[in-house]
Amino acid sequence: MPDGSVWRASLTPVGPGTLRVSAGGGQIRGEAWGPGAEWLLDGLPELLGAGDDPSAFVPRHRLVASTVHRRPGLRLGRTGLVLESLIPSILEQKVTTDEAYRAWRLLVRKYGEPAPGPTGVVGGRMWVMPAPRTWALIPSWEWHRAGVDNKRASTILRAVRVAARMEQAVGMSVEEAQARLEVVPGIGPWTSAEVVQRSHGAADAVTVGDLHLPGIVGWALAGDRDADDSVMLSLLEPYAGQRHRAARLILLSGRTPARRAPRMPRGDIGRL
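A.B. asks: An account of the pairing of strand β1 (residues 6-12) is needed here, citing residue identities and associated values.
C.D. replies: Pairing analysis gives seven bridges linking β1 to strand β2 (residues 15-24), with the strands arranged antiparallel. Residue pairing across strands places R8 opposite L19, the latter belonging to β2. Connecting β1 to the next strand, β2, in antiparallel fashion are two residues.

A.B. asks: Give me the pattern of salt bridges: which residues, what numbers.
C.D. replies: One pass over the structure, following the stated rule, counts nine salt bridges. Here R245 and D52 are joined by a salt bridge, their closest N and O atoms 2.6 Å apart. Here D52 lies in the loop between α2 (44-47) and α3 (62-70) and R245 lies in helix α14 (residues 243-253), a separation of 193 residues in the sequence. When sorted by exposure, R245 lands in the same class as D52, which is buried. Note that R198 and E194 form a salt bridge whose closest N and O atoms lie 3.3 Å from each other. Residue R198 and its partner E194 are both found in helix α11 (residues 189-199); the two are separated by four residues, about one turn of the helix. A residue is classified by how much of its surface remains accessible, and E194, at 11% relative accessible area, is buried. Among the ionic contacts, a cluster of salt bridges with common partners joins R20, R29 and E31.

A.B. asks: Which residues make up the environment of G218, and what are the values?
C.D. replies: Residue position: G218 is located in helix α12 (residues 213-222). G218 sits 98 residues away from G120 along the chain, and the two C-alpha atoms are 47 Å apart. Those residues in contact with G218 that sit more than four places away from it in its chain are G223, D224, A227 and L235.

A.B. asks: Provide a residue-level description of the sheet that holds β2, including the pertinent values.
C.D. replies: Sheet architecture is open: three strands sit in the order β1-β2-β3, paired in antiparallel fashion. Two strands lie at the open edges of the sheet, namely β1 and β3 (27-33), each paired on one side alone. Taken over all neighbouring pairs, the strand axes of this sheet differ in orientation by 25° on average, direction set aside. For β2 and β3, the ladder comprises seven bridges, and the chain directions are antiparallel.

The rules behind these values
- Residues numbered from 1 in each chain as written.
- Predicted model: local features only at pLDDT ≥ 70, side-chain atom pairs only at ≥ 80, totals over all residues.
- Heavy atoms only, no water.
- Pairing = 2+ DSSP bridges.
- Helix = DSSP H or I, 4+ residues; strand = E, 2+ residues; numbered from the N terminus.
- Salt bridge = Lys/Arg side-chain N within 4 Å of Asp/Glu carboxyl O.
- Buried < 20%, exposed > 50% of the residue type's maximum accessible area, 1.4 Å probe, protein only.
- Contact = heavy atoms within 4.5 Å.
- Axes fitted to C-alpha atoms, helices over the stretch in contact; angles between N-to-C directions.

Written out as structure tokens, the structure is:
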């Protein structure tokens, strides 16, 4: 927002809610609306990284140390919500980011609900994602119109059918949570890592199976733009326990290899 505040709309365990976070005078201020308002305010410290411990991170490479110096105080937040990260992560499987964002926007706009809060600010601009039962009732042609293939749609439908068990993963360790998520066919290590990085603020959950991350880490730490997952994990081994934080700092450094191949082609099955 122009005033520097950050707004977030979520479907909490007690209903939809909107959170506004602002800073000033050395203090953080949170305001919330809707049935989920109290839940969002209770979770605000964790969302802002109160449960994270950046001091546990020790840079082992000059690039990483430089990034820590330039971006002090980086904290990994914990949302405490699984499905709001799981469904977008499934949508991102094997497609471009633009395609995944478009699908999420279209489906949430059509089947979600307007976020609660000040009408002049939130009304018509922010939406809360659909409840699990609503996701389960989306007809096949609407997935198609949103550009979501049957494989990803089927994975989402399987996940929302066991939504309560998915959300229970928040109370588990990171390893147990990933194992719980990966019980659902179509959810693998890439997707589960993307989820727990947000739901748990998991400092060590490395995204494996990513198209770009191994090359970025390999280039930044060893000048190897052709690094695969095994090379990436080897390079991140000195950061055991903090590997996700190390990868985040590498991404924040801006040191990425120049693109030498065409971008991944966009596919629009909604036009077929």
